Amino acid sequence: MINESRLLDDFIELVKIDSPTNNERKIADLLKQKLTNLGLTVFEDNVGKMIGGNTGNIFATLPGNTTAPRLLFSAHMDCVSPCINVNPQILSDRVTSDGTTILGADDKAGIAPILEALKTIIDHKIPHGDIQIIFTVSEEVSLKGSKNLDRNLIKADLGYVLDSSGNPGTIIINAPSQNKLKFLVKGKSAHAGIDPENGLNAISIASKACAKIPVGRIDEETTANIGLINGGLATNIVPNLVEIICETRSLSEDKLKYQTDLMIDIFNETALAENAEVEVISKNLYNSFALPVNSPVIQLVKSSIEIIKLSPTLTSTGGGSDANYFNTYNVPCAVLGIGMQKVHTNEEFILLKDLYNNSRLVCEIIKNATNL
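Computed from a predicted structure; not experimentally measured.

Trainee: So what's going on with the overall build of the protein? Residues and values would help.
Mentor: Of regular secondary structure, the protein possesses 10 helices and 17 strands. In terms of overall size, the protein behaves like a compact globule, its C-alpha atoms giving a radius of gyration of 23 Å where 372 residues would be expected to give roughly 21 Å. Along the first, second and third principal axes, the C-alpha set of the protein runs to 80 × 45 × 40 Å. In the protein, which comprises 372 residues, the share counted as buried stands at 51%. Considering only contacts within the protein whose residues lie at least 6 apart along the sequence, 78% involve residues at least 24 apart. Carbon and sulfur atoms provide 49% of the accessible area of the protein, an area that totals close to 16000 Å². Distance between charge centres in the protein, computed from 33 positive and 43 negative side chains, equals 3 Å.

What follows is the structure, encoded as structure tokens:
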């Protein structure tokens, strides 16, 4: 029922548009025009100004023509770098970049199928309830678009975010919370060759703390990472300050707290033992969600996947998405696998069959919702 050629054309058009985080203006303007042309009511919020970007989140509504739950479909407009001048390559079974940039299937392989699903249900006059579309900004940087939107603008009973690895049929029902930690270790400057005895090497002290912190996969629900280190002025100066930025994630709030407290304790104890100071800044970026298997949002997508003859796979993820915030706003929202592969690398690609199945699934969810 979907128009595969039209969908592919839309996807190629979208990935060619530069849309780095906080600079989504070009793609937002195009999407607003496309949605308006389809007859949807379109609105852009002011989140861009709030977060230092040039674009807000895009909201669009298609009124229903029958009784059904109000559905939300969402994907994000921004891409990670390098995403300027993407040159997509259409091969026999997939779309790739030319190897000099990412492709942008994350998350334009979510946006294009949503557009095609809307075109299909309108063209074929398929019965549907109210449908709300939200295309977010700044998802790739701590979910800032969904974090800062006005939750009162969301008018849906349940929703789906098209933004995960895994083939179409993958349903994310459980995602973690994430805490970000910044440690500022303060030592004492001195000449490294003439007077090192009077210095206190902040980098060395921080390194001792980092070496004690368990990182990587802590257990089946928890991860931790030391991601950024910044400090020092020159090799002949004992560094008096170093900044360490870390993160930890977990599906369990108790485990997240334990790992966070452990990392803080290690830095505090190490600094104390070395007669140094440490300033700790800990911030929760987003909260976890867990959707019951028998909940309407899961049962609807699960049955829709089966109708289009795919295999539903219910799983958890270690990554965050806009669904973390939508669920916080009391809209049960699952994340759907869209088949994007090797994301955040110049080897990113998506199989054509997965791109097409994404749109088939959105169409089937819309149709199937009228039976609830």
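Next comes the rest of the description.
Trainee: Any chance you could break down the pairing of strand S10 (residues 216–219) for me, citing the residues and the numbers?
Mentor: Here 3 bridges tie S10 to strand S11 (residues 222–231), and the two strands are oriented antiparallel to one another. Across the sheet, residue Gly216 finds its bridge partner in S11, namely Ala224. Adjacent in sequence and paired antiparallel, S10 and S11 are bridged by 2 residues.

Trainee: Talk me through the pattern of salt bridges; I want residue IDs and the actual numbers.
Mentor: Following the criterion strictly, the structure yields 22 salt bridges and no others. Among the salt bridges present, the one from Arg70 reaches Asp157, with a minimum N-O distance of 3.1 Å. Pair noted here: Arg70 is in the loop between strand S2 (58–62) and strand S3 (71–76) and Asp157 is in the loop between helix H5 (144–148) and strand S7 (158–164), with a separation of 87 residues, a long-range link. When its relative accessible area of 36% is taken as the criterion, Asp157 is described as partly exposed. One salt bridge in this structure joins Glu243 and Lys182, with 3.7 Å as the shortest N-O distance. With Glu243 in strand S12 (residues 241–250) and Lys182 in strand S9 (residues 177–186), this pair connects stretches of sequence that are 61 residues apart. Since its relative accessible area comes to 22%, Glu243 is described here as partly exposed. Since its relative accessible area comes to 27%, Lys182 is described here as partly exposed.

Trainee: Lay out the sheet that holds strand S4 (residues 89–90) in plain terms, naming residues and giving numbers.
Mentor: Note on sheets: strands pair through backbone hydrogen bonds, and any given pair is parallel or antiparallel. The strand order across the open sheet built from 3 strands is S4-S5-S17, with neighbouring strands paired in antiparallel fashion. Among the strands making up the open sheet, the edge pair consists of S4 and strand S17 (349–351). Strands S4, strand S5 (94–96) and S17 of the sheet are contacted by helix H1 (residues 4–15), whose axis makes an angle of about 10 degrees with S5. Strands in contact with helix H10 (residues 352–369) are S5 and S17; relative to S17, the strand with the most contacts, it is inclined by about 70 degrees.

Trainee: I'd love a proper account of the nonpolar core, names of residues and values included.
Mentor: Among the nonpolar cores identified, the biggest contains 83 residues, and Phe11, Phe73, Phe135 and Tyr160 are the most heavily contacted of them. Beyond its immediate chain neighbours, meaning those up to four positions away, Tyr160 contacts Leu72, Phe73, Ser74, Pro296, Val297, Leu300, Val301, Cys333, Ala334, Leu336 and Ile365. Counting 19 residues, the second-largest nonpolar core is a separate cluster that includes Ile205, Met263, Phe267 and Ala276.

Trainee: Describe in detail helix H8 (residues 296–307), supporting the description with residues and values.
Mentor: The first and last C-alpha atoms of H8 sit 16 Å apart over 12 residues, in line with the 16 Å expected at 1.5 Å per residue. Considered for burial, the residues of H8 that qualify are Val297, Ile298, Leu300, Val301, Ser304 and Ile305. On an axial view of H8, the arc spanned by its buried residues comes to 165 degrees, and they lie on one face. As for H8, its buried residues are in contact with S3, S7, strand S8 (170–175), strand S15 (313–316), strand S16 (333–337) and H10. Two residues or fewer past H8, Lys309 is found with a positive phi of approximately 65 degrees.

Trainee: Describe the packing of aromatic side chains, naming the residues involved and giving the relevant values.
Mentor: Enumeration according to the criterion identifies 4 aromatic pairs in this entry. Centroid distance Phe183 to Phe267: 3.9 Å. Interplanar angle 5 degrees. Geometry classified as stacked. You can see Phe183 sitting in strand S9 and its partner Phe267 sitting in helix H7 (residues 253–273), a full 84 residues away along the chain. Here Phe183 matches Phe267 in class, with each residue buried. Lying over the aromatic face of Phe349, Arg94 brings its terminal NZ or CZ to 4.5 Å of the ring centre.

Trainee: Quick one: what's the story with the sheet that holds strand S13 (residues 277–286), residue by residue and with numbers?
Mentor: Read across the sheet, 5 strands follow the order S10-S11-S12-S9-S13 without closing on themselves; strand pairing throughout is antiparallel. Of all strands in the sheet, those with a lone pairing partner are S10 and S13, marking the two edges. Averaged over all pairs of adjacent strands, the angle between their axes in this sheet comes to 20 degrees, without regard to strand direction. As defined by bridge partners, S11 adjoins S12 across 9 bridges and the pair is classed as antiparallel. Bridged to Ala224 within S12 is Thr248. Against the sheet, helix H6 (residues 202–212) touches S9, S11 and S12, its axis set at about 20 degrees to S12. The sheet contacts of H7 involve S9, S10, S11, S12 and S13, and relative to S9 the element is tilted by about 5 degrees.

Trainee: Tell me about the environment of Leu91, residues and numbers included.
Mentor: Along the polypeptide, Leu91 turns up in the loop between S4 and S5. With 180 residues separating them in the primary sequence, Leu91 and Ala271 have C-alpha atoms 55 Å apart. What Leu91 contacts, discounting residues up to four positions off in sequence, is Thr96 and Leu352.

So, how was this worked out
- Residues numbered from 1 in each chain as written.
- Predicted model: local features only at pLDDT ≥ 70, side-chain atom pairs only at ≥ 80, totals over all residues.
- Heavy atoms only, no water.
- Helix = DSSP H or I, 4+ residues; strand = E, 2+ residues; numbered from the N terminus.
- Rg over C-alpha atoms; globule rule 2.2 N^0.38 Å.
- Buried < 20%, exposed > 50% of the residue type's maximum accessible area, 1.4 Å probe, protein only.
- Contact = heavy atoms within 4.5 Å.
- Areas by Shrake-Rupley, 256 points an atom, 1.4 Å probe, with all protein chains shown as cover.
- Lys, Arg positive; Asp, Glu negative; His and termini not counted.
- Charge placed at Lys NZ, Arg CZ, Asp CG, Glu CD.
- Pairing = 2+ DSSP bridges.
- Salt bridge = Lys/Arg side-chain N within 4 Å of Asp/Glu carboxyl O.
- Axes fitted to C-alpha atoms, helices over the stretch in contact; angles between N-to-C directions.
- Core = buried A, V, L, I, M, F, W, Y, C linked by side-chain atoms within 4.5 Å.
- Expected span 1.5 Å × (residues − 1).
- Arc of directions from axis to C-beta.
- Phe/Tyr/Trp six-rings, centres within 6.5 Å; stacked < 30°, edge-to-face > 60°.
- Lys NZ or Arg CZ within 6 Å of the ring centre and 35° of its normal.

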